[in-house]
Amino acid sequence: ELPQNWEVRHSRTYSKDYYFNTLTKESRWDPPPMGENERIRASHLLIKHKDSRRPSSWKEMLTPHLFSLSLPQEKILRTKEEALEILKRHQKRIETGETTLSAAATTESDCSSARRGGDLGHFERGQMQKPFEDAAFALEVGQLSEPVFTDSGVHLILRTA
Ligand SMILES: N=C(N)NCCC[C@H](NC(=O)[C@@H]1CCC/C1=C\[C@H](COP(=O)(O)O)NC(=O)[C@@H](N)Cc1ccccc1)C(N)=O
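Residues numbered from 1 in each chain as written. Predicted model: local features only at pLDDT ≥ 70, side-chain atom pairs only at ≥ 80, totals over all residues. Heavy atoms only, no water.

Some points on the sheet that holds strand E1 (residues 6-11)
For step 1, the next point in the chain: The three strands are arranged E1-E2-E3 in an open sheet whose pairing can be described as antiparallel. The sheet is open, and its two borders are formed by E1 and strand E3 (27-28), each paired with just one other strand.
For step 2, the next point in the chain: Of the strand pairs in this sheet, E1 and strand E2 (residues 16-21) are connected by six bridges, and their pairing is antiparallel. By the bridge assignment, Val-8 is partnered in E2 with Tyr-19. (Pairing = 2+ DSSP bridges. Helix = DSSP H or I, 4+ residues; strand = E, 2+ residues; numbered from the N terminus.)

Structural notes on the confidence of the model for the chain
For step 1, the next point in the chain: Looking at the chain as a whole, the pLDDT averages 91, with 91% of positions reaching at least 70.
For step 2, the next point in the chain: Two summary scores accompany this predicted model of the complex, namely pTM at 0.79 and ipTM at 0.92. (pLDDT = per-residue confidence, 0-100.)

Details of the side chain of His-90
For step 1, the next point in the chain: Its place among the elements puts His-90 in helix H2 (residues 80-95).
For step 2, the next point in the chain: With a relative accessible area of 8%, His-90 lands in the buried category.
For step 3, the next point in the chain: Beyond its immediate stretch of four places on either side in the chain, His-90 contacts Leu-45, Ile-47, Glu-108 and Leu-156. (Buried < 20%, exposed > 50% of the residue type's maximum accessible area, 1.4 Å probe, protein only. Contact = heavy atoms within 4.5 Å.)

Overview of the nonpolar core
For step 1, the next point in the chain: Ranked by size, the top nonpolar core spans twelve residues in total: Leu-45, Ile-47, Ala-83, Leu-84, Leu-87, Ile-94, Leu-101, Ala-104, Ala-105, Leu-144, Val-154 and Leu-156.
For step 2, the next point in the chain: Of all the secondary structure elements, the ones that give two or more residues to this core are strand E4 (39-47), H2, helix H3 (101-108) and strand E7 (153-159).
For step 3, the next point in the chain: Considering every element that reaches this core, the biggest residue donor is H2, with four residues.
For step 4, the next point in the chain: Formed by ten residues, the second largest nonpolar core is a distinct cluster that contains Ala-42, Phe-123, Ala-135 and Phe-137. (Core = buried A, V, L, I, M, F, W, Y, C linked by side-chain atoms within 4.5 Å.)

Here's the deal with the site of the ligand
For step 1, the next point in the chain: If you check the shell around the ligand, you find 16 residues, and the closest are Lys-48, Arg-53, Arg-54, Gln-129 and Ser-152.
For step 2, the next point in the chain: Lys-48 places a polar side-chain atom, nitrogen or oxygen, 2.7 Å from an oxygen atom of the ligand.
For step 3, the next point in the chain: Contact distances for the ligand include 2.9 Å between a nitrogen atom and a backbone N or O atom of Gln-127.
For step 4, the next point in the chain: Along the lines of polarity and charge, the residues of the shell around the ligand split into five nonpolar, seven polar and four charged. (Near = heavy atom within 4 Å. Polar contact = N/O pair within 3.5 Å; in protein donor to acceptor, adjacent residues only side chain to side chain. Nonpolar A, V, L, I, M, F, W, Y, C, P; charged D, E, K, R; others polar.)

Observations regarding the pattern of salt bridges
For step 1, the next point in the chain: Per the stated rule, a full pass over the model turns up 14 salt bridges.
For step 2, the next point in the chain: A salt bridge links Arg-28 to Glu-26; the nearest nitrogen and oxygen atoms lie 3.9 Å apart.
For step 3, the next point in the chain: The residue Glu-133 makes a salt bridge to Lys-130 at a minimum N-O spacing of 2.6 Å. Placement of the pair is Glu-133 and Lys-130 together in helix H4 (residues 130-138), with a separation of three residues, close to one helical turn.
For step 4, the next point in the chain: Looking at Glu-133, the relative accessible area reads 4%, which means it is buried.
For step 5, the next point in the chain: Its relative accessible area of 46% is what places Lys-130 among the partly exposed residues. (Salt bridge = Lys/Arg side-chain N within 4 Å of Asp/Glu carboxyl O.)

If you want it as structure tokens, here you go:
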């Protein structure tokens, strides 16, 4: 069997079969590899911490600093353990149906995808950091991950396609 959108066609010129992708219009002589779920779509909720590779976020810039007269805090100061605790609280609320990953990501995620309810769009293997990729590709569509650690911080991932 062939990956999605691929079909076998016959070339009269060379009187032999070839493979054609009806979506990308790509054609090739050898069969396309049956990658495991080559392309998926997912949303995520990212909570960063002080050791994140980029310890700042749109949220930290907008958080009203009631007690400090200084400029909005640029650097995220929470520890990795605190970030995990925050994320586990969101995980529980999503799992009990109290909220959705999209709603939680919109207000809580430290990733700029927050503005799209955490949606990352479609991606293939090789694009995301390995722990994120491995977790996302292991999910069934509609399934929520356990907390996943990458250099960016701690993520909850929902596979959407
Ligand atoms: N859709 C893609 N192909 N975008 C490139 C992904 C690059 C990839 N990113 C990651 O692996 C993690 C997991 C998901 C998000 C993410 C990290 C960061 C946040 O962490 P930070 O970089 O501050 O450490 N968000 C992003 O990258 C954003 N562009 C995701 C995004 C935002 C808006 C719309 C679509 C996608 C990597 N190889 O670093």
